[in-house]
Amino acid sequence: MDWPISEVARMSGVTARTLRHYDEIGLLPPARIGSNGHRYYEEHQLLLLQQILVLRALDVGLPEIGRVLADQVDTVEALRGHRRRLLAERDRLDALAATVSRTIAELEQSRRDGTSMTAINRPENLFEGIEPSQYEANLRDFPGLAEEAGRRAVTTTPAEAEAGQRERTALMIRLAEHLAAGDPADAGPVQAEIEAQYRALTALHPVSADEYRAIGRSCVDNEQWRAAYEAIAPGLAEYQREAIEVYAVSRLG
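Basis of the calculations
By convention here, each chain's residues receive numbers from 1 onward along its written sequence. With pLDDT at 70 or above as the cut-off, local features in this predicted model cover only qualifying residues; side-chain atom pairs require 80 or more to be listed or tallied, and sums for whole chains, interfaces and linings still use all residues. Computation of side-chain values: all heavy atoms of the structure, hydrogens and water removed. Joining through side-chain atoms within 4.5 Å is the link that ties buried Ala, Val, Leu, Ile, Met, Phe, Trp, Tyr and Cys residues into a set, and such a set is a nonpolar core. Partly exposed residues are those whose accessible area sits between 20% and 50% of the maximum for their type, while under 20% is buried and over 50% is exposed, using a 1.4 Å probe and protein chains only. Helix and strand labels come from DSSP, where a helix needs a run of H or I of at least four residues and a strand needs a run of E of at least two; each type is numbered from the N terminus. Contacts described as polar in this section are N or O atom pairs within 3.5 Å, which, within protein, must combine one atom able to donate a hydrogen with one able to accept it, while residues neighboring in sequence count only if both atoms come from side chains. Contacts are assigned to residue pairs with any non-hydrogen atoms lying within 4.5 Å of each other. Here, a salt bridge means any side-chain nitrogen of Lys or Arg that lies within 4 Å of a carboxyl oxygen of Asp or Glu. Pairing between two strands is assigned when DSSP locates at least 2 bridges connecting them. The span one expects for a helix is its residue count, reduced by one, times 1.5 Å. Here the arc refers to the set of directions running from the helix axis out to each C-beta atom. Here an axis means a line fitted to C-alpha atoms, over the contact stretch when the element is a helix, while the angle between two N-to-C directions is reported on a 0 to 180 degree scale. The cut-offs work like this: below 35 degrees is roughly parallel, past 145 is roughly antiparallel, 65 to 115 is roughly perpendicular, and the gaps in between are oblique. Think of it as three bins: nonpolar holds Ala, Val, Leu, Ile, Met, Phe, Trp, Tyr, Cys and Pro, charged holds Asp, Glu, Lys and Arg, and polar takes everything else, Gly as well. Confidence of the predictor at the level of single residues is given by pLDDT, which spans 0 to 100.

### Points about the nonpolar core
The tendency in soluble globular proteins is for nonpolar side chains to be buried as a group.
Reasoning step 1: Among the nonpolar cores identified, the biggest contains 26 residues, and Ile-194, Tyr-212, Ile-232 and Leu-236 are the most heavily contacted of them.
Reasoning step 2: Residue assignment for this core shows that the elements contributing at least two residues are helix 9 (158–180), helix 10 (188–204), helix 11 (209–221), helix 12 (223–232) and helix 13 (236–252).
Reasoning step 3: The element best represented in this core is helix 13, accounting for six residues.
Reasoning step 4: Membership of the second largest hydrophobic core comes to 19 residues, among which are Leu-19, Tyr-22, Val-60 and Ile-65.

Put into structure tokens, the structure is as follows:
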């Protein structure tokens, strides 16, 4: 039995255009092409598509997926490996959700009591479930920054990488507090945070106004970046994007 490309698109949620692209790059050729020119897929191709989508969900790039599929011998064993990675990612996200929940609870308690926040007294509590390497990986849409981040990562100690991740997460929490307080994106304290972020980026690599605005848009468009912001506070990704847009227009021209 085989299925036309339109049916595979419906079943999988992948657009026909994407399926044609997978064929064009040799990642997922159809089982056959009919006399009408339409692509048809059999069970084997559906299993491969499932693996592709699992690996894409794990943020594996298409070239690496091609290598994985080319190297695997046994489909069942390959799926077991993908399952292990998915379970590990689930555990990481569970840990991250618990970290954010604890931070919210302790922030609320500290505000009621007027006392210091326990998680700040033990700052490592803020960062459970957060992978520092993901920050560099998610710069892939900005090659100059990604290349420099990768170069520095080679010589960065674990302590330095952790410190950088702590600062980035601390920035997100500070922005969330401004958002919760109803501060507009163009408020002075908010723009000061955005300027500090911009200076940190330019310390890695020159960043133009357009590039910084693109980074702001990525806070919403990049699924992992958006998830990280939304885990801290609903609407935080859009708030960050808006604040960067204001800064880029008013300060960078």
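### What to know about the side chain of Gln-240
Reasoning step 1: As for its position among the elements, Gln-240 is in helix 13.
Reasoning step 2: A polar atom in the side chain of Gln-240 sits 3.0 Å from the side chain of Gln-197.
Reasoning step 3: Beyond its immediate sequence surroundings of up to four residues, Gln-240 is in contact with Leu-175, Ile-194, Gln-197, Cys-219 and Tyr-229.

### Digging into the pattern of salt bridges
Reasoning step 1: By the definition in use, this model includes nine salt bridges.
Reasoning step 2: Glu-64 is the salt-bridge partner of Arg-67, the closest N and O atoms lying 2.9 Å from each other. You can see Arg-67 and its partner Glu-64 sitting in helix 4 (residues 62–71), three residues apart, about one turn around the helix.
Reasoning step 3: The exposure class of Arg-67 is partly exposed, given its relative accessible area of 47%.
Reasoning step 4: Here Arg-213 ties to Glu-245 by a salt bridge, and the two come within 2.6 Å at their closest N and O atoms. Here Arg-213 is found in helix 11, whereas its partner Glu-245 is found in helix 13, with 32 residues between them in sequence.
Reasoning step 5: Since its relative accessible area comes to 28%, Glu-245 is described here as partly exposed.
Reasoning step 6: The network of salt bridges with common partners includes Glu-195, Arg-199 and Arg-251.

### Re the sheet that holds strand 2 (residues 32–33)
Reasoning step 1: The strand order across the open sheet built from three strands is 1-3-2, with neighbouring strands paired in antiparallel fashion. Sheet topology places strand 1 (3–4) and strand 2 at the edges, where each strand pairs with a single neighbour.
Reasoning step 2: By the bridge criterion, two bridges tie strand 1 to strand 3 (residues 39–41) in an arrangement that is antiparallel. The partner of Pro-4 across the bridge, within strand 3, is Tyr-40.

### Notes on helix 13
Reasoning step 1: Here helix 13 contains 17 residues, and its C-alpha end-to-end distance of 23 Å stays within 8% of the 24 Å for a straight helix at 1.5 Å per residue.
Reasoning step 2: Residues of helix 13 that are buried: Leu-236, Ala-237, Tyr-239, Gln-240, Ala-243, Ile-244, Tyr-247 and Ala-248. Seen from one end, helix 13 has its buried residues packed into an arc of 165°, which puts them on one side.
Reasoning step 3: Directly beyond the C-terminal end of helix 13, a positive phi value near 80° is found at Gly-253.

### Side note on helix 2 (residues 16–24)
Reasoning step 1: Along helix 2, the residues classified as buried are Leu-19, Tyr-22 and Asp-23. Taken down its axis, helix 2 places every buried residue within 100° of arc, on the same side. Set apart from the buried face of helix 2 by more than 90 degrees, the exposed residues are Arg-17 and Glu-24.
Reasoning step 2: Check the buried side of helix 2 and you find it contacts helix 1 (5–12), strand 3, helix 3 (43–57) and helix 4.

### Here we look at the packing of helix 10 against helix 13
The relative placement of two packed helices comes down to the angle between their axes together with the axis-to-axis distance.
Reasoning step 1: Running from N to C, helix 10 and helix 13 cross one another at 80°; their axes reach a closest spacing of 10 Å. Taken together, the axes of helix 10 and helix 13 lie roughly perpendicular to each other. Here Val-190, Gln-191, Ile-194, Glu-195, Gln-197 and Tyr-198 of helix 10 lie close against helix 13, whose contacting residues are Tyr-239, Gln-240, Ala-243, Ile-244, Val-246, Tyr-247, Ser-250, Arg-251 and Leu-252.
Reasoning step 2: When the residues that make up the contact of helix 10 with helix 13 are grouped by side-chain class, the tally is nine nonpolar, four polar and two charged.

### What to know about the packing of helix 11 against helix 12
Reasoning step 1: One way to put it is that helix 11 packs onto helix 12 with a least axis distance of 5 Å and a crossing angle of 75°. The orientation of helix 11 with respect to helix 12, classified from their angle, is roughly perpendicular. Taking contact as the criterion, the partners of Ile-215, Ser-218, Cys-219, Val-220 and Asp-221 in helix 11 are, on helix 12, Glu-223, Trp-225, Arg-226 and Tyr-229.
Reasoning step 2: Along the lines of polarity and charge, the residues of the contact of helix 11 with helix 12 split into five nonpolar, one polar and three charged.

### Side note on the confidence of the model for the protein chain
Reasoning step 1: Residues with a pLDDT of 70 or more make up 75% of the protein chain, whose mean pLDDT is 78.
Reasoning step 2: A low-confidence stretch, residues 117–137 stays under pLDDT 50, and its non-local contacts, those more than four residues away or across chains, total 46 contacts.

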